[in-house]
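Residue-level listing of the chains:
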Amino acid sequence: MTGSDRPSALDPALAARLKRTADGLVPAIAQQYDTGEVLMLGWMDDEALHRTLTTGRATYWSRSRQEYWVKGDTSGHIQLVKSVALDCDADTVLVKVDQVGAACHTGDRTCFDSDVLPLGQ
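Just so you know, these numbers come straight off a predicted model, no measurement behind them. (Residues numbered from 1 in each chain as written. Predicted model: local features only at pLDDT ≥ 70, side-chain atom pairs only at ≥ 80, totals over all residues. Heavy atoms only, no water.)

Draft legend 1. Here's a closer look at the UniProt feature "binding site: Zn(2+)" (unreviewed entry) in the protein. The feature "binding site: Zn(2+)" (unreviewed entry), as annotated in UniProt, sits at Cys88, Cys104 and Cys111 in this numbering. Annotated residues spanning 24 residues; largest pairwise C-alpha distance 26.9 Å, indicating distribution over more than one region. Taking the annotated residues in turn, Cys104 and Cys111 line the largest pocket. Summarising the element assignment, Cys88 is placed in the loop between strand E5 (79-86) and strand E6 (93-99). Of note, Cys104 is situated in the segment after E6. Not counting residues within four places of it along the chain, the set of residues in contact with Cys104 comprises Arg109, Thr110 and Cys111. (UniProt positions renumbered as here; feature names shortened; annotations may be inferred. 1 Å grid on protein atoms, 1.4 Å probe; cavity = no way out; pocket = protein on both sides within 12 Å on 5 of 7 lines; lining within 4 Å. Helix = DSSP H or I, 4+ residues; strand = E, 2+ residues; numbered from the N terminus. Contact = heavy atoms within 4.5 Å.)

Draft legend 2. Looking closely at the pattern of salt bridges. Within the structure shown, the criterion is met by five salt bridges. Between Arg109 and Glu37 there is a salt bridge, and its shortest N-O distance comes to 3.2 Å. Taken as a pair, Arg109 in the segment after E6 and Glu37 in the loop between strand E1 (26-32) and strand E2 (38-44) lie far apart in primary sequence, 72 residues in all. (Salt bridge = Lys/Arg side-chain N within 4 Å of Asp/Glu carboxyl O.)

Draft legend 3. Region of interest: the packing of aromatic side chains. Tallying each qualifying case throughout the model produces two aromatic pairs. Ring geometry for Tyr60 and Trp69: centres 5.0 Å apart, planes at 35°, overall tilted. Given the relative accessible area of 0%, Tyr60 is considered buried. Ring centres of Trp61 and Tyr68 lie 4.8 Å apart, and the angle between their planes is 70°; this geometry places the pair in the edge-to-face category. Residue Trp61 is classed as buried on the basis of its relative accessible area of 7%. For the cation-ring pair, Arg51 lies above Tyr68, with the distance from its terminal atom to the ring centre recorded as 4.2 Å. The lysine or arginine in question, Lys82, covers the ring of Tyr33, its NZ or CZ lying 5.1 Å from the ring centre. (Phe/Tyr/Trp six-rings, centres within 6.5 Å; stacked < 30°, edge-to-face > 60°. Buried < 20%, exposed > 50% of the residue type's maximum accessible area, 1.4 Å probe, protein only. Lys NZ or Arg CZ within 6 Å of the ring centre and 35° of its normal.)

Here you go:
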């Protein structure tokens with residue numbers, strides 16, 4: 001079942017604007033709302049976006065487990081949603097959050113802390 005096949009309560013007008021991948025997903029960038037720090041990238045289908053907008057907790061679609069996950073439900077490292085925006089093409093979601101604890105499953109503050117690539121090589 002692809003993301004677009006799963007039932008959703010997302011506003012149909014908003015759903016019509018989204019440009020999804022072939023599997024019905026849009027990339028969702030999580031950013032710390034007050035510092036601008038980029039925390040992680042997850043994937044959302046229509047229902048994950050609906051849940052994020054209505055619950056105030058960042059909800060993603062796990063491509064590997066094929067199920068929804070609310071950030072922090074198992075780790076305690078929750079993302080409290082401050083705002084949600086679409087980019088100009090409506091193919092990426094920006095979720096500004098207040099991150100409690102680590103954002104990365106490795107325990108790092110962000111998913112972009114440990115593998116910084118050298119420039120000018």
